[in-house]
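Geometric and topological summary
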Amino acid sequence: MTAEVPRAVVLGPQPGRISLGSGLEALDVPPGPVAAITVGWRETEPVLKEVEQELRQCGRDAAPLHIGERVGRVFERDAPLAEAHRALQEGLLAEEQLYGARLRRAVETAREVVRLTVAERYRDPYAAQAWQAILDADRFHVTRHAELWQEFREAVGLADRPAIREEREELEGLLAGAAAVVLTGGHVAVIRNRLLLLGLADALAPLPVLAWSAGAMVLTPRVVLFHDRLPGGAARPRFLGDGLSLLPGIALFPDAGIRLDLGDRRSLAELCGRVHPDRAVLLDRGDMIRWDGRAWSSPDGVRVLAGDGEVETVSSFVPEAAGAESLTDGAAT
Amino acid sequence: MSAASELAIQELLLSGATREAVDAFIEAHDFPIREGPHTTFVYRGEATSVLLGHWLFGTSAAREMERVPRSDLWFLTLDLPAESRVEYRFQRVRGADAEWILDPLNASTVRDPFGVWSVCHGEGYQRPEWTEEDPQVGRGELSVTHVRSRSLGTRPVSVYTPFGFRNRRRYPLLVVLDGGDYLRHAAFRTVLDNLIHRREIPPLIAAFVTPQKRIREYADNPAHAEFLTSDLVSHLQTEFPLRLRPDDRGLVGAGLGAVAALTAAWRYPGFFGKLLLSSGSFTFTDFGPSTRTALLDPVVDFVNAYRADPRRVSSRVFVSCGIYEPLIYENRSLVPLLRESGMEVRYVEAPDGHNWENWRDRLRVGLSWLLPGPLWLYYR
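Procedures and definitions
Residues numbered from 1 in each chain as written. Chains lettered and ligands numbered in written order. Predicted model: local features only at pLDDT ≥ 70, side-chain atom pairs only at ≥ 80, totals over all residues. Pairing = 2+ DSSP bridges. Helix = DSSP H or I, 4+ residues; strand = E, 2+ residues; numbered from the N terminus. Domains from an automatic or database assignment. Contact = placed C-beta atoms within 7 Å. Nonpolar A, V, L, I, M, F, W, Y, C, P; charged D, E, K, R; others polar. Buried ≥ 20, exposed ≤ 12 C-beta atoms within 10 Å, placed from the backbone. Core = buried A, V, L, I, M, F, W, Y, C linked by C-beta atoms within 7 Å. pLDDT = per-residue confidence, 0-100. Axes fitted to C-alpha atoms, helices over the stretch in contact; angles between N-to-C directions. Parallel < 35°, antiparallel > 145°, perpendicular 65-115°, else oblique. Left-handed = near helix turned anticlockwise from the far one by under 90°.

Residues and elements named next belong to chain B. The sheet built from 4 strands is open, its strands ordered S1-S2-S6-S5 with antiparallel pairing. Strands with a single pairing partner mark the edges of an open sheet, and in this sheet they are strand S1 (33-35) and strand S5 (66-67). Across 2 bridges, S5 lies against strand S6 (residues 73-79) in antiparallel orientation. Among the inter-strand pairings, Glu66 is bridged to a residue of S6, identified as Phe75.

Below, the structure written as structure tokens:
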């Protein structure tokens, strides 16, 4: 096992009551408090209390990071930063709209090309071009998103602003004294935004991680937004942007059984291709997967999307991006 | 599913329908009787004739009910599509007297601005749970503000602010025409509370506007359009933290209110980025004069003009209509024109009539499509 990447456990969604016991046990966390990152949809949600209670039952103290409140304090102290951050959000919103328009056309074109009843030898070159257009749209958006963040960081001198620096130093101290970190579900864009703003990736990197849903998604290489069953109609999967890349080689799809139309193999095949070289991992309530520094695994099997849109269960796999072949690719368990 | 010959009313007819048998029949069933797709409406009482009238079709379209021989029992069996809702009354005729009455055997009623109606649900219809108050859900607040308008005078407007409202945040705005009726008859406040709680729409501010002279104000009235786009929104912007982008501004109307919404958007293109148009009275003529009341001539003129020159007036338009409404023709005719203009259009038909509960039941899909909430960003 290499020591470059921390050990991690990703849990399935935690609707209702949060349960951390089995995850902590699997992580084999050394003694010490567990840092908790719970910012999400609304600060009023009692998630933190539940996490604290669960940790207490496991004989652990929680070290809540309160990153939502900290960012609120930063903006109160540093009005120009708050204004620049608001402008960044407007820019990201515009970028998202432009990406959405481009992606919609690209997907429609790719599907139309495949539907045409013409000989494959004529169709295939166009299908390849159309598919590439989807990948280009995704890649361009992720790049532009990162560029907008970078422009913002440089324009305001983010890392050196006293309000940010003081909060970050406190957080780094808390994380340095923690035995592990827990990241809960919630609003994935809010969690990601707060972590990027406070620049916590390096401080999180050495710690064992227990995370689920939004909290785990932000730690993957790229965050994919998806929901096939919205009351206003399915939302086409799209990238939010880069993640913190602490959980390598995977794109996470929590609540897959509820949020994805698992009968729509064409869309699932597209999804698998779009997140490549990462593997699309499906998670539902009760699931748990582990990262041991080399491979992802689970005693119950890891459910991943295959290239044809089928859901297959593998006992473990090594991320392709890490330069190794999958250990048990296609070996259903 | 029962075959027609096995319907309860047919069994009664075959049994001879003695007084005792009719008593037992009434005792044994809930009314109207739903048997698979078949719905049997029943009235008991002395009459010359009894008719079943759906609200919109009125007397001329009322269906005559059949008398069970040698009894005071009247019935009519209709096949209603699954999940449909029908509002109805009986017209009881006694000699020269005709009277519209509720179904005495059906306790299920609904109230709208025109009175109380009996309600019949087809197989599978259930009132959506998101239209009912939920004690677990935080309630938004309603307050009244007074908007001064040069052309329409001072108008009281009910303003909804969401649970957890904060002055430091900025909110999308929804302007709801016939707002008082939407609140009273379509549970709009409860719907907003529930959809915001479920993250299906964002926390928003809604302004419920009630007309004083409805037909005059809503039939393509330039003063009303100016009131909405200038007086009302300017006033609200001074009192509430609103987002300023047109895509964060929606306008909702039903029936003639939908006409008022589309005409305001037509007169001020791009001002309201989102439109929700329910059962719009989009009357038009392909040739010759309209047969509708002259008061609606401005509507006909407007729709004819829009048909001749469909324009992009918003970015997204949600249109819905009940399949039991005569207005289904007008709405189906409008949708391709809206699309042709370059707007993103979603059109939904429902097995329902021209009524508030139809419009209430369409709010979830309409609002969450027009103003999607953070649900797809939330992973629990």
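Having seen the model, we can carry on.
Residues and elements named next belong to chain A. The domain architecture assigned to chain A consists of domain 1 (8-73 + 178-322) and domain 2 (79-156). The distance between the C-alpha centroids of domain 1 and domain 2 comes to 24 Å. Contact with domain 1, which involves 8 residues of that partner, is made by 13 residues of domain 2. A per-element tally of the side of domain 1 that touches domain 2 places strand S8 (residues 235-242) first, with 5 residues. Here the residues of the side of domain 1 that touches domain 2 are counted per class, giving 2 nonpolar, 1 polar and 5 charged.

Take the pairing of strand S13 (residues 173-177) of chain B next. All names here are of chain B. Counting buried residues in S13 gives 5 out of 5 residues, a clear majority hidden from the surface. Of the two faces of S13, the one holding Leu173, Val175 and Leu177 and the one holding Leu174 and Val176 are both buried throughout. Of the strand pairs in this sheet, S13 and strand S14 (residues 205-209) are connected by 5 bridges, and their pairing is parallel. By the bridge assignment, Val175 is partnered in S14 with Ala207.

Moving on, we come to the domain arrangement of chain B. Often the size quoted for an interface is simply the accessible area lost on bringing the parts together. All names here are of chain B. The domains assigned to chain B are domain 1 (4-121) and domain 2 (129-375). In this assembly, 13 residues from domain 1 lie in contact with 13 residues from domain 2. Breaking the side of domain 1 that touches domain 2 down by element, the ones donating at least two residues are strand S7 (85-94) and strand S9 (109-112). Looking at the side of domain 1 that touches domain 2 residue by residue, the classes come out as 6 nonpolar, 2 polar and 5 charged.

To continue, consider unusual backbone geometry. Only a minority of non-glycine residues have a phi that is not negative, and only a minority of peptide bonds are not trans. The omega torsion of the bond from His276(A) to Pro277(A) falls at 10 degrees, within 30 degrees of zero and hence cis. Here Pro277(A) lies in the loop between helix H11 (265-275) and strand S10 (279-283). Across the junction of Phe31(B) and Pro32(B), the peptide omega takes the value -10 degrees, indicating a cis bond. Looking at the secondary structure, you find Pro32(B) in the loop between helix H2 (19-28) and S1. The phi torsion at Ser245(A) lies on the positive side, around 60 degrees, for a residue other than glycine. The topology assignment puts Ser245(A) in the loop between S8 and strand S9 (250-254). Residue classification places Ser245(A) among the partly exposed residues on the basis of 15 C-beta atoms within 10 Å. Although it is not a glycine, Arg199(B) sits at a positive phi angle of roughly 65 degrees.

In this structure, Val10(A), Val34(A), Ala36(A), Val181(A), Val188(A), Val209(A) and Val281(A) are the most contacted members of the largest nonpolar core, which totals 89 residues. Here this core takes 8 residues from helix H7 (residues 188-198) of chain A, the largest share from any one element. If near-sequence neighbours (up to four positions away) are discounted, Val181(A) is found in contact with Val34(A), Ala35(A), Ile37(A), Leu175(A), Leu204(A), Leu207(A) and Val209(A). Within the second largest apolar cluster, 65 residues are counted, among which are Leu152(B), Leu204(B), Val345(B) and Trp359(B).

All names here are of chain A. Within the fold, Ile289 resides in strand S11 (residues 288-291). Sequence separation between Ile289 and Arg102 is 187 residues, and the spatial gap between their C-alpha atoms is 35 Å. Beyond its immediate stretch of four places on either side in the chain, Ile289 contacts Val10, Val281, Trp296, Ser297, Ser298 and Val302.

For the rest of this paragraph, the subject is the confidence of the model for chain A. Across chain A, pLDDT averages 91, with 92% of residues at or above 70. Long-range and interchain partners of residues 1-6 of chain A, a stretch whose pLDDT sits below 50, account for 16 contacts in this model, where long-range means more than four residues apart.

Moving on: the packing of helix H3 (residues 67-77) of chain A against helix H6 (residues 162-176) of chain A. Angle between the axes and distance between the axes: these two values describe a pair of packed helices. Residue and element names in this part refer to chain A. Relative orientation of the contacting elements H3 and H6 amounts to 155 degrees, with a least axis distance of 9 Å. On the basis of the axis angle, H3 is roughly antiparallel to H6. Pair H3 / H6 crosses with right-handed handedness. Taking contact as the criterion, the partners of Arg70, Val74 and Arg77 in H3 are, on H6, Ala163, Ile164 and Glu167. Within the contact of H3 with H6, the residues separate by chemical class into 3 nonpolar, no polar and 3 charged.

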